[in-house]
Amino acid sequence: MAGDRRVGVAVDFSPCSKEALKWAVDNIARQGDHLILFTVLPEGQYEKGETQLWETTGSPFIPLKECSDPVIMKKYGVNPDPETLDIVNTAAKQKEIVVLLKVYWGDAREKIIEAVDNIPLSCLVIGNRGLGKLRRAIMGSVSNYVVNNAPCPVTVVKHVEHE
């Protein structure tokens, strides 16, 4: 049914997260959907005051219009790049979807799973940075953790380095 789906996309404004966002817009989002972007910042990387209240639950949903306002985004510690904003603004107009952003603070693996549980999402799209086997073993793969622990379907969009 149109309008009933909440499509989540984990973004960190890197090239691989932009590829995941483009993929979600091109292949999943349809008229009436809610496209919910969420980003996870390291703990303690936010201004004092009201954002401390959001440490556990994440920020309130931020409408697309406010995502383009640098003053509002500074309050959350987020600096969305122009390309990401262009992708979502175009998608919102052309596909008639609602785009929202939610900011979390803490460990990306845990917070993404919390977001999927709490929002709740119909599906999730996440990028893959393409860590080598050694780095993935040491640091852990966020996308691998999410695929194995999310209660909804997860699509991992593999990042391919362009030469």
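Quantities reported herein were computed from a predicted structural model and do not represent experimental measurements. (Residues numbered from 1 in each chain as written. Predicted model: local features only at pLDDT ≥ 70, side-chain atom pairs only at ≥ 80, totals over all residues. Heavy atoms only, no water.)

## Some details on the state of the cysteines
Condition: A pair of sulfur atoms, both from cysteines and within 2.5 Å, is called a disulfide here.
Under the defined criterion, the tally for this structure stands at zero disulfides. Residue Cys152 stays outside any disulfide, its sulfur separated by 6.7 Å from that of Cys123, the closest cysteine.

## Some words on helix α6 (residues 108-118)
The test is simple: Residue burial is assigned from relative accessible area. The probe radius is 1.4 Å, only protein chains are included, and a residue is buried under 20% of its type maximum, exposed over 50%, and partly exposed in between. Secondary structure elements are defined from DSSP: runs of H or I of at least 4 residues count as helices, runs of E of at least 2 residues count as strands, and each element is numbered from the N terminus. By definition in these notes, contact holds between two residues if any of their heavy atoms fall within 4.5 Å. Polar contact is defined as a pair of N or O atoms within 3.5 Å, subject to the rule that within protein one atom must be able to donate a hydrogen and the other to accept it, and that residues adjacent in sequence are counted only when both atoms are side-chain atoms.
Those residues of α6 that sit buried are Lys111, Ile112, Ile113, Ala115 and Val116. Buried residues along α6 sit in contact with β1 (6-10), β2 (34-41), β4 (98-105), β5 (123-128) and α8 (142-149). Two or three places before Arg109, at the opening of α6, Asp107 has a side-chain oxygen 3.2 Å from that residue's backbone nitrogen.

## Considering unusual backbone geometry
Even without being glycine, Phe13 reaches a positive phi, approximately 65°. Residue placement: Phe13 occurs in the loop between β1 and α1 (15-27). Classification of Phe13 by relative accessible area gives buried; the value is 18%.

## With respect to the pattern of salt bridges
Inclusion rule: The working definition used for a salt bridge is a side-chain nitrogen of Lys or Arg within 4 Å of a carboxyl oxygen of Asp or Glu.
Counted according to the given criterion, the structure contains six salt bridges. Of the charged contacts, one joins Glu83 and Lys22 as a salt bridge, the two residues approaching to 3.1 Å between their closest N and O atoms. Note that Glu83 is positioned in helix α5 (residues 82-95) and Lys22 in helix α1, a separation of 61 residues in sequence. A relative accessible area of 37% places Glu83 in the partly exposed class. You can call Lys22 partly exposed: its relative accessible area is 35%. Look at the salt bridges and you will find they share partners, linking Lys18, Lys22, Asp81 and Glu83 into a network.

## Focus: the pairing of β2
Quick note on the threshold: Here the rule is simple: two strands pair whenever DSSP picks up at least two bridges between them.
Taken across its eight residues, β2 has seven buried, putting it largely inside the fold. Sheet topology note: the β2/β4 ladder contains eight bridges and is parallel. Paired with Leu35 across the bridge in β4 is Val99.

## A few points about the packing of aromatic side chains
For clarity, the cut-off: Stacked, edge-to-face and tilted are the three classes for Phe, Tyr and Trp ring pairs, Trp counted by its six-membered ring, which pair at centre distances within 6.5 Å; planes under 30 degrees apart are stacked, over 60 edge-to-face, the rest tilted. A positively charged side chain is recorded as over a ring if its NZ (Lys) or CZ (Arg) lies within 6 Å of the ring centre. The angle to the ring normal must also be within 35 degrees.
All chains considered together, the criterion is met by one aromatic pair. A ring pair is formed by Phe38 and Tyr104, whose centres lie 6.4 Å apart and whose planes are at 85°; its orientation type is edge-to-face. Remark: Tyr104 occurs in strand β4 and Phe38 occurs in strand β2; sequence separation between them is 66 residues. On the accessibility criterion, Phe38 (1% relative accessible area) is buried. Note on Tyr104: relative accessible area 1%, which makes it buried. The ring of Phe61 has Lys102 lying over it, and the distance from NZ or CZ to the ring centre is 5.1 Å.

## Some details on α1
Short version of the rule: What a helix is expected to span follows from its residue count: subtract one and scale by 1.5 Å.
If you check α1, its first and last C-alpha atoms are 18 Å apart, about what 13 residues at 1.5 Å a residue would give, namely 18 Å. What α1 keeps buried is the set Cys16, Ser17, Lys18, Ala20, Leu21, Ala24 and Val25. Residues of α1 that are buried make contact with β1, β2, α5, β5 and β6 (154-158).

These values are about where atoms sit, not about what they do.
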